[in-house]
Amino acid sequence: MTAQRIYDTVADDFSRVNDLIIQRLSSDVPLVEKIAQHIIESGGKRLRPLLVLLSSRAAGYSKDEHLKLAVVIEFLHTATLLHDDVVDTSDMRRGRSTANANWGNAPSVLVGDFLYARAFEMMVELTSLPIMEILSHATAVIAQGEVMQLMNVKNPDLTEDQYMTVIHNKTAMLFEAASHSGAILANASDAQEQALKNYGKHLGLAFQLVDDVLDYRGDAETMGKNVGDDLAEGKTTLPLIHAMTNSSEADRQLIRQAIRKGGLGNLPKVLELVEASGALEYTMERARAEASKASDTLNALPDSPHKEALELLTQVAVARVS
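Notes on the structure follow. Keep in mind that what you see is a predicted model, and the values were worked out from it rather than measured.

**Some details on the overall build of the protein**
Working step 1: Of regular secondary structure, the protein possesses 17 helices and two strands.
Working step 2: Scaling as 2.2 N^0.38, a compact globule of 322 residues should have a C-alpha radius of gyration of about 20 Å, and the protein matches this with 20 Å.
Working step 3: Based on the C-alpha atoms only, the size of the protein along its principal axes is roughly 60 × 50 × 30 Å.
Working step 4: Put simply, of all contacts in the protein between residues at least 6 apart along the chain, 76% involve residues at least 24 apart.
Working step 5: Working note: accessible area of the protein is about 13600 Å², and carbon and sulfur atoms make up 51% of it.
Working step 6: Counting 31 positive and 44 negative side-chain charges, the protein places the averaged centre of each group 1 Å from the other.

**Remarks on the packing of aromatic side chains**
Working step 1: Counted by the stated rule, this structure contains two aromatic pairs.
Working step 2: Aromatic side chains Tyr7 and Phe14 sit 5.2 Å apart centroid to centroid with 80° between the ring planes, which places their arrangement in the edge-to-face category.
Working step 3: On the basis of relative accessibility, which here comes to 14%, the residue Phe14 falls in the buried class.

**Considerations on the nonpolar core**
Working step 1: The biggest cluster of nonpolar side chains holds 69 residues, and the ones touching the most others in it are Phe75, Leu135, Leu203 and Leu310.
Working step 2: With eleven residues, helix α5 (residues 65-87) is the largest single contributor of residues to this core.
Working step 3: In this view, Leu135 contacts Leu69, Val72, Ile73, Met123, Ala177 and Ser181; residues no more than four positions away in its chain are not counted.
Working step 4: In terms of nonpolar packing, the next biggest core, distinct from the first, is built from 28 residues, Tyr163, Met164, Val274 and Ala287 among them.

Rules behind the numbers
- Residues numbered from 1 in each chain as written.
- Predicted model: local features only at pLDDT ≥ 70, side-chain atom pairs only at ≥ 80, totals over all residues.
- Heavy atoms only, no water.
- Helix = DSSP H or I, 4+ residues; strand = E, 2+ residues; numbered from the N terminus.
- Rg over C-alpha atoms; globule rule 2.2 N^0.38 Å.
- Contact = heavy atoms within 4.5 Å.
- Areas by Shrake-Rupley, 256 points an atom, 1.4 Å probe, with all protein chains shown as cover.
- Lys, Arg positive; Asp, Glu negative; His and termini not counted.
- Charge placed at Lys NZ, Arg CZ, Asp CG, Glu CD.
- Phe/Tyr/Trp six-rings, centres within 6.5 Å; stacked < 30°, edge-to-face > 60°.
- Buried < 20%, exposed > 50% of the residue type's maximum accessible area, 1.4 Å probe, protein only.
- Core = buried A, V, L, I, M, F, W, Y, C linked by side-chain atoms within 4.5 Å.

In structure tokens:
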């Protein structure tokens, strides 16, 4: 089963989710629709709504409310992207110019707010307090994760444990909320609910760790972003943390200076040190370990094509190149 066949497992659901996204983006303010559609249609994998569909179906759900839940998750994710690009002053995402590059910071932030509000409107329509609790908590945790990351820009003293906390909060938390809320919607057993919650958490960590590697080893055209963007923004990711721990004092100081300074002036040398220290393979090992943990949680679910797709998604997570 290829990555595309994972999506094919819920092809009808996925198509209906895309239709519902367009329907619920409607606004009396044309610029709101234009900016929201720009980022919604910018070529993302829709992984988080995919998790809602697969998780709920794997737990035995047979109704249609999971479509609405998937759209809620996608709107929450899109809102964070709009805000992140403003905070990071990014001008490219997924190979396209960002909303803030096209329309400015203020409209991007405000449309992000609109998407949060629309997500919470739809959340209320689900009439599930447990789901509202999961998603409202996740939204708060993600915001805190973004602030933590912002506080640590150009900080070469970030530890590995601290970094794992940051990426859990800013990235893995929404994966976790997607699979967990899907289980709740399906009225899963306590064991299955906990399993799917943990599945999303570990899968999200694996995805972020692979992203960390691709930032130093990926292809700009394939990724839709430039190699070394994290370093340019002064972000201390796991490859840099490991490289600093396993380099000579002189090389460690060079990496620290590159983080503090930001930009790409030292990128060729930093790339060399990251490769030589084994930092990228170490980060991939951590990603594979998280993917394995995600896979192990699925033992709590009955066999089904949806469970098989969740299992294969853990393999795709660490085999991808973008």
